[in-house]
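# Fold and contact review
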Amino acid sequence: MVFPMVFLKIMDWVVYQILANSCYRAARKMRSYGFFLRNPSLKTSQQYPFFPSVTKCCLEDRGSQTLVCDIDGALLRSQSFFPYFMIKDMQTVGRSVLPKFYLENINLQVYDIWGSTGSRVVFTSVPRMMVEGFLKEFLSANHVIGTELQTVGQYFTGFPSGCGLLVKSRALKEFFGEKKPDIGLGSSSLHDHHFISMCKESYVVTEEDSKSSPSSVLTRDKYPKPLVFHDGRLAFFPTPSATLAMFLWLPLGIFLGIYRICIGIFLPYKMANLLGIWSGIDIKLKGEDNNYHSESGNKRKGVLYVCSHRTLLDPVFLCTTLGRSLTAVTYSLSKTSEIIAPIRTVRLTRDRKKDGETMQRLLSEGDLVVCPEGTTCREPYLLRFSSLFAELADEIVPVAMYTHVSMFYGTTASGLKCLDPIFFLMNPRPSYHIHLLGKLPKELTCAGGRSCCEVANCIQRQLADALGFECTTLTRRDKYMMLAGNEGVVQNK
């Protein structure tokens, strides 16, 4: 009996020592981070003891000064960087997908200070390739120092390189040496306090400063550079709760998308329109279709509907709402989309003479739909209109198309285009608003003495005014070179 009792006492002493030491180390660690166990009321007052709020920073005479900060916790209002990691393929999304989310989450107060300085250096533990392109292209950052990732061939493994996660205070000292930056901006964490304490002036971005209020949100008109193009399927900011909601919706969304496609393919226009509205699609038609037609000699010539281009479904929804068959011409369409299209589609070759002959022939057979931008644009901008259509028809009806989605974009530059209609129709309540602007007066057409370029520009302006959009001179090639690194030609497979 003696041995078991001695054994139990020894074990009791060992456990006590382990627990005591562990608790002691934990208590010291918590104390070093500013937590006070006996008086919780001191926590708030001790959380920001060193530096003033970013709202106290004066903006005058900063043109020659250097600013250092982190994109996470300072430039961005979002309290977590988790949503940005929800989007895969970091090398691509850094230039084509993330800029939209970054711009929508920039802290206006921090951005004002950023813009008042002459030199800006960003230190961040976030992978460098996720932020460098945006910071240099949109915000004109001079230098971006971030965590480097391991690579295997041309692919990133997702693990930090041998140097590990970037330590901002250490990186700042290595970059500037003995020289101190003029202004340092950081979050309320003590790690950032140490980082910005190495600057001549230091300011903290508190949680109150980061809340979505008119004083902290960067509106579109204040963007440093217009956001015309972006890619990716997600139309929402993928917070944990929003991402969970998406995955819960996905099974029903896939079924709903297939159902909506089927009713569009197999049912008459009026019935498809009614069942589409019943399934949750918001379809609105403004203006009247007077079924204009002109007589050319003894031949009846069709009407040319000129649409702004939001998705591949533009001609389909136009046909459905008008309740009659139209032919759509397109510069680039996947074979799958051609097969499942419920209307007749004709592919153009990008040869102006051949395309002109093709469209003339189609107009002699009936009404025609064309999207002269040649590609879709998600943002409130219209791309440059090709002038070819203006040479071919006397009866031209501009059609303003507006779409809205809450979960998935129905367009892509780098993904599978055959899935575009499915993704659009998978949204809980996708919207399609169609505005017929009426027939273009004869004096504004080529028959009235205008050049084809003047006619194209006139229609672009009319559609932009009706939609509240801006006209641009950007083209399809500009979009695909920016987002996908190619000219956007779909292979005929």
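Placed above this text is the structure.
Residues numbered from 1 in each chain as written. Predicted model: local features only at pLDDT ≥ 70, side-chain atom pairs only at ≥ 80, totals over all residues. Heavy atoms only, no water.

### Looking at the overall build of the chain
Spelled out, the test is: Counting from the N terminus, the helices are DSSP H or I runs at least four residues long and the strands are E runs at least two residues long. Throughout, exposure labels follow a simple rule: accessible area from a 1.4 Å probe, protein chains only, divided by the maximum for the residue type, with under 20% read as buried, over 50% as exposed, and the rest as partly exposed. Here, residues are in contact when the closest pair of their heavy atoms is within 4.5 Å. To measure how exposed things are, a 1.4 Å probe is used in the Shrake-Rupley method; for residues, cover is taken only from the protein chains shown.
If you tally the helices and strands in the chain, you get 19 helices and 18 strands. In the chain, which comprises 493 residues, the share counted as buried stands at 48%. Taking as baseline every contact in the chain between residues at least 6 positions apart, the subset at least 24 positions apart corresponds to 72%. Summed over its atoms, the accessible surface of the chain is roughly 25,400 Å², and 57% of this surface lies on carbon and sulfur atoms.

### Overview of the pattern of salt bridges
To keep it simple, the criterion reads: Any Lys or Arg side-chain nitrogen located within 4 Å of an Asp or Glu carboxyl oxygen qualifies as a salt bridge.
The tally for this structure, following the rule as stated, stands at 17 salt bridges. Two residues, Arg-220 and Glu-379, come together in a salt bridge whose shortest N-O distance is 2.4 Å. Residue Arg-220 is found in the loop between α11 (207-210) and α12 (240-266), and its partner Glu-379 is found in the loop between β14 (368-370) and β15 (381-382); the two are separated by 159 residues along the sequence. The partly exposed category is assigned to Arg-220, whose relative accessible area is 36%. As a salt-bridge pair, Arg-361 and Glu-365 come within 3.6 Å of each other at their nearest N and O atoms. Placement of the pair is Arg-361 and Glu-365 together in helix α16 (residues 352-365), with a separation of 4 residues, close to one helical turn. On the accessibility criterion, Arg-361 (41% relative accessible area) is partly exposed.

### As for empty space enclosed by the protein
Definition in use: The definitions used throughout rest on a 1 Å grid laid over the protein atoms alone, on which a cavity is an enclosed set of points accommodating a 1.4 Å probe that cannot get out and a pocket is an open set flanked by protein within 12 Å on both sides along at least five of seven lines; lining residues are those having an atom within 4 Å of a point. Grid points are joined across faces, edges and corners, and a volume is the space filled by probe spheres set on the points.
This structure, assessed with the given rule, holds 3 cavities of 30 Å³ or more. By volume, the largest cavity amounts to about 720 Å³. Around the largest cavity, the lining comprises 46 residues; the ones closest to its centre are Leu-312, Leu-313, Pro-315, Val-316 and Pro-421. Contributing elements (two or more residues each) for the lining of the largest cavity: α12, α13 (269-278), α14 (314-322), β12 (327-330), α15 (335-340), α17 (420-425) and α19 (476-483).

### Some words on the sheet that holds strand β2 (residues 119-127)
Where we set the bar: Strands were regarded as paired on the criterion that DSSP finds at least two bridges between them. Between N-to-C directions, angles span 0 to 180 degrees; the directions come from axes that are lines fitted to C-alpha atoms, helices contributing only their stretch in contact.
One open sheet holds the 5 strands; their spatial order is β3-β2-β1-β6-β7, and the pairing between them is parallel. Two strands bound the open sheet, and with one partner strand each, they are β3 (143-147) and β7 (201-204). For this sheet the average axis-to-axis angle between neighbouring strands, irrespective of direction, equals 15°. Direction of pairing for strand β6 (residues 183-186) relative to β7: parallel, over a ladder of 4 bridges. The residue bridging Ile-183 from the neighbouring strand is Glu-201, located in β7. Packing of helix α9 (residues 168-176) onto the sheet brings it into contact with β1 (66-69), β2 and β3, and relative to β2 it is tilted by some 140°.

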